[in-house]
Amino acid sequence: MDKFETLTGIAAPMPLVNIDTDMIIPKQFLKTIKRSGLGANLFDEMRFDRQGNEIPDFVLNKPQYREAEILVAGENFGCGSSREHAPWAIKDFGIKAVIAPSYADIFYNNCFKNGIIPIVLPQEQVDVLMKDAEKGANARMTIDLDAQTVTSSDGEVFNFEVDSFKKHCLMNGLDDIGLTMEKASSIETFEKAAEQARPWV
Amino acid sequence: MSSPKTLYDKIWDAHVAHEAEDGTCLLYIDRHLVHEVTSPQAFEGLRMAGRKVHAPDKTIAVPDHNVPTTAGRDDPKNMTEDSAIQVAALDSNAKEFGIHYYPVSDVRQGIVHIVGPEQGWTLPGMTVVCGDSHTATHGAFGALAHGIGTSEVEHVLATQTLIQKKSLNMKVEITGKLRPGVTAKDITMSVIGATGTAGGTGYVIEYCGEAIRDLSMEGRMTVCNMAIEGGARAGLIAPDEKTFEYCKGRPHAPKGAQWEAALTHWKTLFTDEGAHFDKVVTLKGEDIAPSVTWGTSPEDVLPITAVVPSPEDFEGGKVEAVARSLDYMGLKPGTPLSEIEIDTVFIGSCTNGRIEDLRAAAEIVKGKKIKEGMRAMVVPGSGLVRAQAEEEGIADIFKEAGFEWRLAGCSMCLAMNPDQLAEGERCASTSNRNFEGRQGYKGRTHLVSPGMAAAAAISGKLTDVREMM
């Protein structure tokens, strides 16, 4: 997995609440057996018309946000399906961080497996960063995962919380499965005990 | 004496294989359900790393999302190329890794969340995961069940565990009795209406109260199925005699002495008196009405007797979201919901594709015809549900009324297969999500119970099912 340490980049504002996984990557793009290439269809039905032409008003089609690496969004971002295609599409497009007041649980976990940091900040602070993002390409924000801060283009600093284990894995690009396999003896011990306690499972 | 525990606490504690100092746990997984859409990359990951499936006996696969629901579907030529590739990948992965498998040609094939309970894979007190958010369904058995992403699917395949931190406990109590015409679907939608789609975020919900106890197992599955729509990690209902009766004799349920041992354990699966809940929501059963969604989020729900709301009725970010969804849905504020004309009806899905759902719809349909020009389909949740409905004569009721009688699969719930809404079509659907484009590009979805869907098919508009009972 890619490491995430610090990032200074353009933030795209998407103030809509409840941006769901069907919006992020519509179902017709889930029929892939690969993880890559989904960025072309990120927000497909909001970004393109039926003929495949760009919808100019959509934020990521605007010249100043085409290179966005951060999304600032409304509450409950990523609600809906468990599809990891959503973070795969976000990452493949080039976005490495999302800032929102809240996320759906599964999407939130999926981000960390893909080198994306989903940052939670209170609505009032997201509102400030949304305004900052609306300034366009010259307003670059900085995210420092180690310090757990977001710095607006004006230099205003916001602290965020993140689970220490998730942070550790993200900062070091660690593979979860490898880490868990180091605990194989605990799993084996558990299985032996469970086999006695609940043999019908 | 140890402190009182919730049902969630008990299941959680019984499955922690390792706990780190910061509270990060390895949660042991008893059942891993797999389907064709979210698993190919996970199996590929195992192959690349030279890893095996840790517990193939606890891993069950079935194709459901992509499969057509029309005859001749076991011929890959009748699927789009990309769908056929995903189904073929599941076929070969199931063989290569030696996991249980129900192929399209098997009568037991169906929607993964219907097949699991039907075959007795899902049992009380278990941990159940699947790369699908509606895994919450299995919570109806008092099993801790939730959706996971593909990286986590790979993690469970490789280690039979999941890296987790414990969620908070939330109690949703539905007191008293339901009124006639009100179903499990109306309960679960009304809860989301009350709490919002993020109301359950960070929590595992335990549903309780008289109205929940009164529900059949199938109704309880409907309630838990949509826990995810309320943002919760999982929904749970404590097992009782109905649960045990449902499980008994199923192909993969324990037998003989093991059954007795299991039963003894299952009877300990309830929330202790005085256990702590971090959040409590209470609804009166008698206040719940037959419900329908009007917008593009499951929280956009109202009784059928209400009118389409206005963006000004809301606050904050929801104002813009409502304006956007009314535009998408082609609805004007103030329009009575019962005057909204529909052209499509879908009865099926992991929310409402079980035999009791079909019976409830057939009860309304019996002896009537669907409205002229209406496209109405019934898609049983599994091949066995379909067979039973045919045996009971329910299939004939639907067919005589003008419904299409389909083969089992996810069908129009998510339109990853040929069953889709065309642009501008409006559907009364027994599924679980009314998101933009969910049932087809620019398709419009109104979520309802099976009886309400049946009533709409006959009248041609959203209809209060109580008028047809």
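Position labels on residues start from 1 in each chain and follow its written sequence. Numbering of ligands from 1 and lettering of chains from A proceed in the order in which they are written. In keeping with the predicted nature of the model, local features appear solely for residues at pLDDT of at least 70, side-chain atom pairs appear and are counted solely at 80 or more, and the whole-chain, interface and lining totals rest on all residues. The side-chain values count all of the structure's non-hydrogen atoms but skip hydrogen atoms and water molecules.

*Asks:* Break down the overall build of chain A for me, with residues and values.
*Replies:* Put simply, DSSP H or I for four residues or longer makes a helix, DSSP E for two residues or longer makes a strand, and each gets a number counted from the N terminus. When helices and strands are tallied, chain A shows 8 helices and 7 strands. Overall size of chain A, expressed as C-alpha extent along the three principal axes, is 60 × 40 × 25 Å. For chain A, the residues scored as buried account for 60% of the 201 residues in total. Two residues qualify as a contact provided that any one of their heavy atoms is within 4.5 Å of a heavy atom in the partner residue. When contacts within chain A are restricted to residue pairs at least 6 apart in sequence, those whose partners lie at least 24 apart make up 65%. Think of it in three bands: with a 1.4 Å probe and only protein chains considered, a residue is buried below 20% of the maximum accessible area for its type, exposed above 50%, and partly exposed in between.

*Asks:* Explain the confidence of the model for chain B to me, and be specific about the residues and the numbers.
*Replies:* Values of pLDDT, which run from 0 to 100, indicate the predictor's confidence residue by residue. Taken residue by residue, chain B gives an average pLDDT of 97. The fraction at 70 or more is 100%. Under the prediction, the complex receives an ipTM of 0.94, its pTM being 0.97.

*Asks:* I'd like to hear about the interface of chain A and chain B, residue by residue, with values.
*Replies:* Counting residues at the interface gives 53 residues for chain A, matched by 73 residues for chain B. For the pairing of chain A and chain B, the buried interface totals around 5,300 Å² over both sides, and the portion due to carbon and sulfur atoms is 58%. For salt bridges, the criterion is a side-chain nitrogen of Lys or Arg within 4 Å of an Asp or Glu carboxyl oxygen. Where chain A packs against chain B, one counts 6 salt bridges. Taking the shortest distance from any N to any O, the salt bridge between Asp 30 of chain B and Arg 198 of chain A comes out at 3.1 Å. N or O atoms closer than or at 3.5 Å make up a polar contact, with two conditions inside protein: a donor-capable atom paired with an acceptor-capable one, and, for residues adjacent in sequence, both atoms drawn from side chains. Where chain A meets chain B, there are 27 residue pairs in polar contact (both at pLDDT 80 or more). Those elements that provide at least two residues to the side of chain A that touches chain B are helix H1 (21–24), helix H2 (44–47), helix H3 (85–93), helix H4 (105–112), helix H6 (164–172), helix H7 (176–181) and helix H8 (184–197) of chain A. Counting residues per element, the side of chain A that touches chain B draws most heavily on H7 of chain A, at 5 residues. Under the scheme applied here, ten amino acids are nonpolar (Ala, Val, Leu, Ile, Met, Phe, Trp, Tyr, Cys and Pro), four are charged (Asp, Glu, Lys and Arg), and all others, including Gly, are polar. Residue classes in the side of chain A that touches chain B are distributed as 20 nonpolar, 14 polar and 19 charged. Summed over both partners, the accessible area (1.4 Å probe) lost when two parts come together is defined as the buried area.

*Asks:* Go over unusual backbone geometry with me, naming the residues and quoting the values.
*Replies:* Phi at Asn 18 of chain A takes a positive value of approximately 55°, unusual for a residue other than glycine. Structurally, the position occupied by Asn 18 of chain A is in the loop between strand S1 (6–14) and H1. A residue is classified by how much of its surface remains accessible, and Asn 18 of chain A, at 10% relative accessible area, is buried. Backbone geometry at Ser 411 of chain B places phi at a positive 55°, although glycine is not the residue there. Looking at the element boundaries, Ser 411 of chain B is found in the loop between strand S17 (404–405) and strand S18 (426–429). Residue classification places Ser 411 of chain B among the buried residues on the basis of a relative accessible area of 0%.

*Asks:* Give me the lowdown on the sheet that holds strand S10 (residues 203–208) of chain B, citing residues and values where you can.
*Replies:* All names here are of chain B. Paired strands, as defined in this entry, are two strands with at least two bridges between them according to DSSP. On the basis of which strands lie adjacent, the open sheet formed by 4 strands has the order S11-S10-S9-S12 and parallel pairing. Each of the sheet's edge strands pairs with one partner strand only, and the pair in question is strand S11 (234–236) and strand S12 (279–284). With strand direction ignored, the average angle separating the axes of adjacent strands in the sheet is 20°. Strand direction decides the pairing type here: strand S9 (residues 168–175) and S10, joined by 6 bridges, are parallel. Considered in S10, the bridge of Glu 173 is made with Cys 208. Note on method: axes are straight lines fitted to C-alpha atoms, helices fitted across the in-contact stretch only, with angles between N-to-C directions ranging 0 to 180 degrees.

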